[in-house]
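# Remarks on the overall topology
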Amino acid sequence: MRTKHLADGIHAIVVGRSTSKHLPVTLAAVASGTRLPGTLTLVLLDDGEIDTTALVHAGIAVSTVRCEAGTTGEAFHAGLGEGEWTWLLHDDSAPAADCLESLHRSCEASLAIAAAGPKQVGWDDPRTLLEVGIRATRSGRRVPELDPDEKDQGQFDSREDVLGVGTAGMLLRTSALIEAGGFDPALGPFGDGLELSRRLRAQGHRVVVVPAAIVRHARSSFAQTPESFGRRRRSQMYTALQRAPFLVAPFLFLLYVALSPARALARLAIKDTTRARGELWAGMSLLGQAAAILRARRRLRAATVTRSYRGLEATHRDVTESRSDIRKARREAERLRRLPPADERREAAERRARTRASAWLLAIITLAAGIIAVLPSMSAFGLTGGGLLPDDSSAGDLVAAATSSWVPAGDGHPGYLEPLWILAIPGVYVAELFGGSLTEVVFVFFLLSPMLSGLAAFRASGLVTNSPAVRFMVGALWASAAPLLSSLSAGEAGAVLFHIALPLLLSSLTRAATRRGSSHLGASAWWALVVGASYPASLLLIACAAIVLALIQRRVGWLWVPIPGMSLAAPALWWLAKSLPESFAWLPGATFSWDQGQRWEIVAGWPMGIEIAAPIVLAASVLVVLAAAIALARPRRRGAVMLGWGMVGIGGALVATALATTVGIDHRTFTTAVGWPGPGLSLIVGGLVLAAAGGAHGLRADLSSSTLSVRHVVAGVCAVGLVAPPLVSTAVWLTSIYTDSPRHVVSEAPGTRIPALAAKNAADPERGRTLVLTPGDDGYLVELWRGNGPQLTHQGHFAATGEALAQSVARLGEDDFAEILAEHAITVILVPGEDSAANGLATMLDSTDSITRVTTSEIGTFWRVDVPSGRVMLDGVVLPSGVVDATVDADEGVLYLSERFDPQWVATQDGRELDPVEDSWRAAWEVPQAGTVHISHEGGFGQWWVSLGRLLIIAGNITVSLPWRAR
């Protein structure tokens, strides 16, 4: 039985709450020690009661103090007694039997020792090391010397003099404590031990750690909560401000407060929401600590007689290196734990090598196909026809259009920039470095489309099968799928991008459904954004799928998946919602009419029909359907097979909707156009390929385990069904390109479409426009061009009419015809062609006042309008203007804007809106006095705060999709 010795000169202070489950254990441990404190003050932070019978029976004089202290520093001060030594304990720090004896013996050995701390170990596992003294920088950053689960093997038992020790189990010389200014009431339970140790060191005393003295510490306050982290962060900033030079401290204080939101955002970026809230809590609470910091600085200054202790302070490099070493050790341990056997590693390496080789071969073959397809247009490096038009937009033009609610085409109209062209902004920025524009970006995109499609399917098929051969065939089948090739021939960029991104969206959704982690949801949101940009109506289907998955898996995170895409495509969705259900057939790009093939050709993926090898194409398509149908009878990957056939059903519905819907007028032929069924066809083919790939999983092993039978024959036929379509489809497509088939409507884009004079006027601040008159059988085809002809980004499904322009052209031949054209900012008239109808029109223009013929070129004949003409005019004077907004110095009078009237047009002068003036078609305002007038279109999605909100939502997905989380 151990001998107990009562030390009258030691006064113990235990701080805690009566509800603490650790407090009775701590008090029992004190009572069972080999050396007992003569007196003990129990500082309770609530009104409860606690049993101290064991302490009294051990001969300890116990007193209880109740206080509402917010920190342990304040609580320790309330329990301070008269003894020579003061022993500090938390409610969750149970000392070993010989802890106090070891601490007391060490302190009695030298009068220079003012504080001694024990070795802190885990409460539940005493073999786990928590703390053996404190190493910290001058600013209070602690050096992480221990791994989270590091075991006590005596590795720190030689340590003695340290910079500081924690207050859990600290033994203090009471006289030194009082001389140093006592406890800091603003600190605790974090940072109080280090701050007090520093002051004692500054007085010239020693602070030691006694590894033989052990305290089991539960560290209840060290929790993964915002308040706990906020207290730790605040104590570190508090200590740094206490130690900072006098002139630096005020600026450092402001810097800490100002950087707290930034640090919180950085924490959010790594999905550390707990510490992000803690950063904000620490910054806000630091504002109320200014007076306490000043008092702490005075206490430290009053206690300082030496600065020799600075040699014990660590550097920031020590902190960085220690953290790096711990991370390396942790990664290495994790790697060794997960390291598979040697034979498995060898097999995996061989499979990866075969997979890489298959991917490279697929990329080379499909890239070659893309280059061969665009070779006839390589000299122009641009495409036009079908859904494509040339477009000279720069990255800056696209950014401006993306944040505007007005489309500067013709006489202008409300609208939006298609989200597909917003995605092109980074590519256009790169193209500008080489003198290119959106035209060149679209050309490169079409060139790379077969390769991108193949690699996308190759990557996505890894979820269904591990076979490199099957993945290669899936990629080749998807890269040469009829919906992709027919969409390329039709110039439907949206349908092409939809085809590329569809397998990546499906694979990311599958990962998110089968694996927990927000990064998979973030990846799904990115691909949903891309798919939604290519085909905005698909976001409605994605949103429905997300809601269903959220209900099935009881996982609200699914609702985030469509939000970034909806944010990007918000204007498109707004216009789409007003035109349901026909808007399900809307695609980005120019509206064009096309001749439908037979029903079976459309279902096979060739909406405009097939000119050659139709029976072979039909047979190849039937084989794919057969392979997908047989997959229904195989038990492997049944989920993938059923999902594939579900996609076939949805795709069929979309194809039927598109073929039954009129999407507008093709202004090149003035014929009605029906929707392009590309997205629906991609879903059909994608579903069939997914079902076939799922059925093919493990097929080789199944066949090799049985003798020759009907199954082998059927499998061979289905294999032909996977091999034949890529070869047949690619051959048919390339043949149609090189034989100038009417089913391939895309051709090289012309370089210049307007005269040099018109190009100069369009670029000038006056923003002059070109009127194009093309004689036809029933009159004139009238077009109003801004810049180098119709632009791809100005096309859309908008309810805009050219009635005012048509009425103006009807005045051709009258004396005031030039003045009427000037109202539309027309500076040049172009008549293409040289036939008899064009010559007759030219004669009429030559006889019109203030219209002067300039010259005739390969573009056509053009005339100059000889009256003042510009986008913004005041009393016949042309004023400079931007593309949409304008800021002009105007005199008193009526200010005209050559844009179609819309209530959202606003003109302001000195912050006051001007009164509008009624005009037959354009916007106009009364300017009461000379001054600067700003004109802008204040449409809903053009508001700066709406654009900022959309951008922040999209940027927020960066945080969601990061594949790692802070520890």
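The structure this text deals with has already been given above.
Keep in mind it's a predicted model, so treat the numbers as computed, not measured.

Moving on to the overall build of the protein. The helix and strand tally for the protein stands at 34 helices and 28 strands. In terms of overall size, the protein is more extended than a compact globule, its C-alpha atoms giving a radius of gyration of 39 Å where 967 residues would be expected to give roughly 30 Å. Overall size of the protein, expressed as C-alpha extent along the three principal axes, is 125 × 95 × 45 Å. Counting every position in the protein, which comprises 967 residues, the buried fraction comes to 53%. Sequence separation of at least 24 residues holds for 74% of the intrachain contacts in the protein that already meet a minimum separation of 6. Roughly 42,900 Å² of accessible area belongs to the protein as shown, and the carbon and sulfur atoms make up 60% of that amount. Averaging the positions of the 86 positive and the 89 negative side-chain charges in the protein gives two centres separated by 16 Å.

A word on the side chain of Arg 871. Along the chain, the position of Arg 871 falls in the loop between β20 (861-865) and β21 (872-874). A distance of 3.2 Å separates a polar atom in the side chain of Arg 871 from the backbone oxygen of Gly 882.

Taken as a whole, the second largest pocket holds about 1,400 Å³ of empty space. Ile 665, His 667, Val 782, Glu 783 and Gln 795 are, among the 45 residues lining the second largest pocket, the residues nearest its centre. Listed by contribution, the elements that provide at least two residues to the lining of the second largest pocket are β13 (662-666), β16 (769-776), β17 (779-785) and α31 (803-809). Looking at the lining of the second largest pocket, its residues break down into 19 nonpolar, 18 polar and eight charged.

For the structure shown, the criterion picks out nine aromatic pairs. Note on Trp 594 and Trp 676: the rings are 5.1 Å apart at their centroids and 75° apart in plane angle, and the pair reads as edge-to-face. Of the two residues, Trp 594 is situated in the loop between α23 (570-577) and α24 (599-603) and Trp 676 in the loop between β14 (671-674) and α27 (678-696); the sequence distance between them amounts to 82 residues. Pairwise contacts between aromatic rings join Phe 592, Trp 594 and Trp 676 into one cluster. Sitting over the ring of Phe 222, Arg 219 keeps its end group 4.8 Å from the ring centre.

With six of six residues buried, strand β4 (residues 85-90) lies mostly within the body of the structure. Neither face of β4 is left uncovered, since the one carrying Trp 85, Trp 87 and Leu 89 and the one carrying Thr 86, Leu 88 and His 90 both have all their residues buried. Relative to β4, strand β1 (residues 5-16) is paired through six bridges, and the arrangement is parallel. Following the sheet pairing, Val 14 is matched in β4 by Leu 89. In this sheet, strand β8 (residues 171-173) lies alongside β4 in antiparallel orientation, the contact comprising three bridges. The partner of Thr 86 across the bridge, within β8, is Leu 172.

Two packed helices can be described by the angle between their axes and the distance between those axes. Here helix α12 (residues 342-374) crosses helix α16 (residues 438-460) at 155°, and the two axes come no closer than 8 Å. As far as their axial angle goes, α16 and α12 are roughly antiparallel. As α12 runs across α16, the sense of the crossing is right-handed. Of α16, the residues touching α12 (which contributes Thr 355, Ser 358, Ala 359, Leu 362, Ala 363, Thr 366, Leu 367, Gly 370, Ile 371 and Val 374) are Phe 443, Leu 447, Leu 448, Pro 450, Met 451, Gly 454, Leu 455 and Phe 458. Grouping the amino acids of the contact of α12 with α16 by side-chain chemistry returns 13 nonpolar, five polar and no charged.

Backbone hydrogen bonds are what pair the strands of a sheet, in a parallel or an antiparallel way. Ordered in space as β23-β28-β25-β26, the four strands form an open sheet in which the pairing is antiparallel. Taken across any chain shown, the strands that pair with only one partner, and hence form the sheet edges, are β23 (886-890) and β26 (912-913). In terms of strand pairing, strand β25 (residues 905-909) meets strand β28 (residues 931-937) through five bridges, oriented antiparallel. Directly across from Val 906, in β28, lies its bridge partner Ser 936.

Our next topic: unusual backbone geometry. In this chain, Gly 188 is followed by Pro 189 through a cis amide linkage whose omega measures 5°. Summarising the element assignment, Pro 189 is placed in the loop between α5 (174-179) and α6 (192-202). Here the amide bond leading from Leu 580 into Pro 581 is cis, since omega sits at 5°, within 30 degrees of zero. Topologically, Pro 581 is positioned in the loop between α23 and α24. Phi at Ser 850 is positive, roughly 60°, even though this residue is not glycine. Counting through the fold element by element, Ser 850 comes out in the loop between α33 (836-846) and β19 (851-856). With relative accessibility at 28%, the residue Ser 850 sits in the partly exposed group.

Sheet architecture is open: four strands sit in the order β22-β21-β24-β27, paired in antiparallel fashion. Pairing within the sheet leaves two strands with one partner each, and these edge strands are β22 (877-879) and β27 (922-927). Adjacent strand axes in the sheet meet at a mean angle of 25°, parallel and antiparallel pairs treated alike. When β21 meets strand β24 (residues 893-900), the two strands line up antiparallel, connected through three bridges. Across the sheet, Leu 874 pairs through a bridge with Leu 895, a residue of β24.

Two side chains with opposite charge may pair up if their charged atoms get near one another. Counted according to the given criterion, the structure contains 36 salt bridges. We note a salt bridge from Asp 161 to Arg 201, for which the minimum N-O separation is 3.2 Å. Highlighted residues: Asp 161 in the loop between β7 (129-131) and β8 and Arg 201 in helix α6, separated in sequence by 40 residues. Looking at Arg 201, the relative accessible area reads 9%, which means it is buried. A salt bridge links Arg 786 to Glu 899, with the shortest nitrogen-to-oxygen separation between them at 2.8 Å. In this pair, Arg 786 is assigned in the loop between β17 and α31 and Glu 899 in strand β24, connecting sequence segments 113 residues apart. We note that Arg 786, like Glu 899, is buried. Where salt bridges share partners, they join Arg 233, Arg 263, Arg 267, Asp 272, Arg 275 and Glu 279 into one cluster.

Within the largest apolar cluster, 112 residues are counted, with the highest numbers of intra-cluster contacts made by Trp 421, Phe 446, Trp 606, Trp 676 and Trp 733. Ranked by residues supplied to this core, first place goes to helix α19 (residues 493-514) with eleven residues. Not counting residues up to four positions away in its chain, the partners in contact with Trp 676 are Ser 486, Ser 487, Ala 490, Glu 492, Ala 495, Leu 587, Phe 592, Trp 594, Pro 607, Met 608 and Ala 658. Ranked by size, the runner-up nonpolar core spans 29 residues in total, among them Leu 23, Ile 50, Ala 116 and Val 210.

This part takes up α19. Over its 22 residues, α19 runs 32 Å from end to end, which matches the ideal 32 Å to within 8%, given 1.5 Å per residue. The largest bend along α19 reaches roughly 35° and is located at Ala 501, with the proline Pro 503 sitting one to four residues downstream. Of all 22 residues in α19, 18 are buried; the element is thus mostly enclosed.

With that settled, consider empty space enclosed by the protein. In the structure shown here, the tally under the stated rule is six cavities of 30 Å³ or more. Taken as a whole, the largest cavity holds about 110 Å³ of empty space. Every residue lining the largest cavity is counted, 14 residues in all, and those nearest its centre are Glu 492, Ala 590, Thr 591, Val 663 and Trp 676. The residue inventory of the lining of the largest cavity, partitioned by class, reads nine nonpolar, four polar and one charged.

Rules and cut-offs
Residues numbered from 1 in each chain as written. Predicted model: local features only at pLDDT ≥ 70, side-chain atom pairs only at ≥ 80, totals over all residues. Heavy atoms only, no water. Helix = DSSP H or I, 4+ residues; strand = E, 2+ residues; numbered from the N terminus. Rg over C-alpha atoms; globule rule 2.2 N^0.38 Å. Buried < 20%, exposed > 50% of the residue type's maximum accessible area, 1.4 Å probe, protein only. Contact = heavy atoms within 4.5 Å. Areas by Shrake-Rupley, 256 points an atom, 1.4 Å probe, with all protein chains shown as cover. Lys, Arg positive; Asp, Glu negative; His and termini not counted. Charge placed at Lys NZ, Arg CZ, Asp CG, Glu CD. Polar contact = N/O pair within 3.5 Å; in protein donor to acceptor, adjacent residues only side chain to side chain. 1 Å grid on protein atoms, 1.4 Å probe; cavity = no way out; pocket = protein on both sides within 12 Å on 5 of 7 lines; lining within 4 Å. Points joined across faces, edges and corners; volume = space filled by probe spheres on them. Nonpolar A, V, L, I, M, F, W, Y, C, P; charged D, E, K, R; others polar. Phe/Tyr/Trp six-rings, centres within 6.5 Å; stacked < 30°, edge-to-face > 60°. Lys NZ or Arg CZ within 6 Å of the ring centre and 35° of its normal. Pairing = 2+ DSSP bridges. Axes fitted to C-alpha atoms, helices over the stretch in contact; angles between N-to-C directions. Parallel < 35°, antiparallel > 145°, perpendicular 65-115°, else oblique. Left-handed = near helix turned anticlockwise from the far one by under 90°. Salt bridge = Lys/Arg side-chain N within 4 Å of Asp/Glu carboxyl O. Core = buried A, V, L, I, M, F, W, Y, C linked by side-chain atoms within 4.5 Å. Expected span 1.5 Å × (residues − 1). Bend = angle between axes of the 7 residues up to and from the residue.

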